[in-house]
Amino acid sequence: MNQRRPGFPARLDQAVAPPGSRSAASGPATATAQRPAPVKPQRPGAGDRPPGLAIPTGLGMDSAAVRQRMVQKLAAQGVQSAAVLTAMGTVERHRFVDSALVNQAYEDTSLPIGLGQTISKPNVVARMLELLTQAPGAQGGAGLGRVLEIGTGCGYQAAVLSHLAREVYSIERLRGLHEKARDNLRPMRLANVHLLLGDGMLGYDKGAPYAGIVAAAGGEAVPEAWCQQLAVGGRLVAPTVMAGGRQALVVIDKTHHGLQQTVLEAVHFVPLKSGIA
Ligand code: SAH
C-alpha cells in the first residue's frame, strides 16, 4: 500500500478507498493498485469502430447518427454550449446501460444502472455541465480545470466531463457501481478521469481546489466540505432539497467576496447518502 495523491498519475485501474468510510477528507487516501483487466482494442476516435466493438444489437441504427439526433434535441431544448453539445455527441451513452435498455440509451429519459440508482436524462446532464462551464472564473472556451463529480454511478457523466475538464475526480459510495464505472470506462482510456470509492459528502480534499463540483445526488443541504474545496472563481452545481421537500438545482459561485447561491429549476435526483457501502 502506498500513499500518494491519486490523480497524478492514478488511472482507471486504481481505486482509492479512504481508510474509514468517513475519513476521505481528513485522512490520507490509499491508492490500491488493482489487477488490470485484459486490454481491449483502443478505439481510434468517436465514430470509428474496429471489428469487435460493434454497436450492440438492438440499437438498430448507427449510434453516431442517433447521438446527433439527441444533440439536436438538446440544442432545441436550450443547451447552447458547443463544447457540451460536442461532448454529448461524442460519448456513447449506450455503452453505459444494460443491454436490455440499449434502445432507450439516446432517449431523453433517466435509466436504471443497478443498486437502485439511475443515470440522469441527457438533458439534465447537459444542463448541469453547461452551468458548470459557465462558472464566473471559467476562461471562455479554454475548458474547465480540475472538476469533482459526486456520484460516479455508471461513469457516463464522468466520461462527458472528461471532454470538458482537464482532470476529473469522480467519487462513488457504492462499491458495485464504482467497479461498474471502472469497467465501463476502461476501454475508453480516458487518462484524465480518476475514479474514487468514498463518501462524496466529504468531497475529495486531495484534488482541491476544484474549478467545478457537480453532484449527481441530492442532499438536504450542500455539504460544507464542497464549498471549502471549491476554488475562487469556481462553481458548484448540486440538486438540493428545499423547504417543502422538493429538490431544486442549486448553483454556488465562489468569489473573492464569498459564496453566491442561486436556486434554479426543480429536479429529481437520487438521495445523497453518507458512508460507503
Ligand atoms: N453521474 C452518474 C449518475 C449516478 S446516480 C452517471 O452518469 O451514471 C447518483 C449516484 O450518486 C449514485 O450512484 C449514488 O450511489 C451516488 N451517491 C449518493 N450519495 C453519495 C455520496 N455521499 N458519495 C458518493 N456517491 C454518492
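Residues numbered from 1 in each chain as written. Predicted model: local features only at pLDDT ≥ 70, side-chain atom pairs only at ≥ 80, totals over all residues. Heavy atoms only, no water.

- The name an unreviewed UniProt entry assigns to the protein is Protein-L-isoaspartate O-methyltransferase, from the organism Curvibacter cyanobacteriorum.
- Regarding the protein, the UniProt comment filed under Subcellular location (unreviewed entry) reads as follows: "Cytoplasm".
- What UniProt states about the protein under its Sequence similarities (unreviewed entry) heading is, verbatim, "Belongs to the methyltransferase superfamily. L-isoaspartyl/D-aspartyl protein methyltransferase family." (UniProt positions renumbered as here; feature names shortened; annotations may be inferred.)

### Some thoughts on the overall build of the protein
Part 1: Across its full length, the protein holds six helices and twelve strands.
Part 2: Relative to its 277 residues, the protein shows a buried fraction of 51%.
Part 3: Put simply, 58% of the contacts in the protein that link residues at least 6 apart link residues at least 24 apart.
Part 4: Accessible surface, the protein as shown: approximately 12500 Å² in total, 52% of it carbon and sulfur. (Helix = DSSP H or I, 4+ residues; strand = E, 2+ residues; numbered from the N terminus. Buried < 20%, exposed > 50% of the residue type's maximum accessible area, 1.4 Å probe, protein only. Contact = heavy atoms within 4.5 Å. Areas by Shrake-Rupley, 256 points an atom, 1.4 Å probe, with all protein chains shown as cover.)

### What to know about the packing of aromatic side chains
Part 1: Tallied over the full model, the rule gives three aromatic pairs.
Part 2: Between Phe 96 and Tyr 156, the aromatic rings sit 5.6 Å apart at their centres with planes inclined by 75°, giving edge-to-face as the arrangement. With Phe 96 in the loop between α2 (82–90) and β4 (111–114) and Tyr 156 in helix α4 (residues 156–161), this pair connects stretches of sequence that are 60 residues apart. Residues Phe 96 and Tyr 156 agree in their burial class; the two are buried.
Part 3: When the ring of Tyr 169 is compared with that of Tyr 210, the centres are 6.0 Å apart and the planes differ by 70°; the resulting orientation is edge-to-face. Of this pair, Tyr 169 sits in strand β7 (residues 165–172) while Tyr 210 is found in strand β9 (residues 210–215), placing the two residues 41 residues apart along the sequence. (Phe/Tyr/Trp six-rings, centres within 6.5 Å; stacked < 30°, edge-to-face > 60°.)

### Here's the deal with the pairing of strand β11 (residues 247–255)
Part 1: Judged by how many residues are buried, β11 sits mostly within the fold: eight of nine residues are covered.
Part 2: What sits between the antiparallel neighbours strand β10 (residues 230–241) and β11 is a turn of five residues, in which Gly 244 has the positive phi angle 100°.
Part 3: Relative to strand β12 (residues 258–267), β11 is paired through eight bridges, and the arrangement is antiparallel. Residue pairing across strands places Ala 248 opposite Ala 266, the latter belonging to β12.
Part 4: Remark: two residues form the turn of the hairpin made by β11 and β12, two consecutive strands paired antiparallel. (Pairing = 2+ DSSP bridges.)

### Topic: the nonpolar core
Part 1: Formed by 51 residues in total, the largest nonpolar core has its most connected members in Met 88 and Tyr 156.
Part 2: Top element by residues in this core is helix α3 (residues 122–133). It accounts for seven residues.
Part 3: Not counting the four nearest positions on each side in its chain, Tyr 156 is found in contact with Met 70, Met 88, Val 91, Arg 93, Phe 96, Ile 119 and Val 125.
Part 4: In this structure, Tyr 204, Cys 227, Leu 230 and Val 270 belong to the second largest nonpolar core, which totals 21 residues. (Core = buried A, V, L, I, M, F, W, Y, C linked by side-chain atoms within 4.5 Å.)

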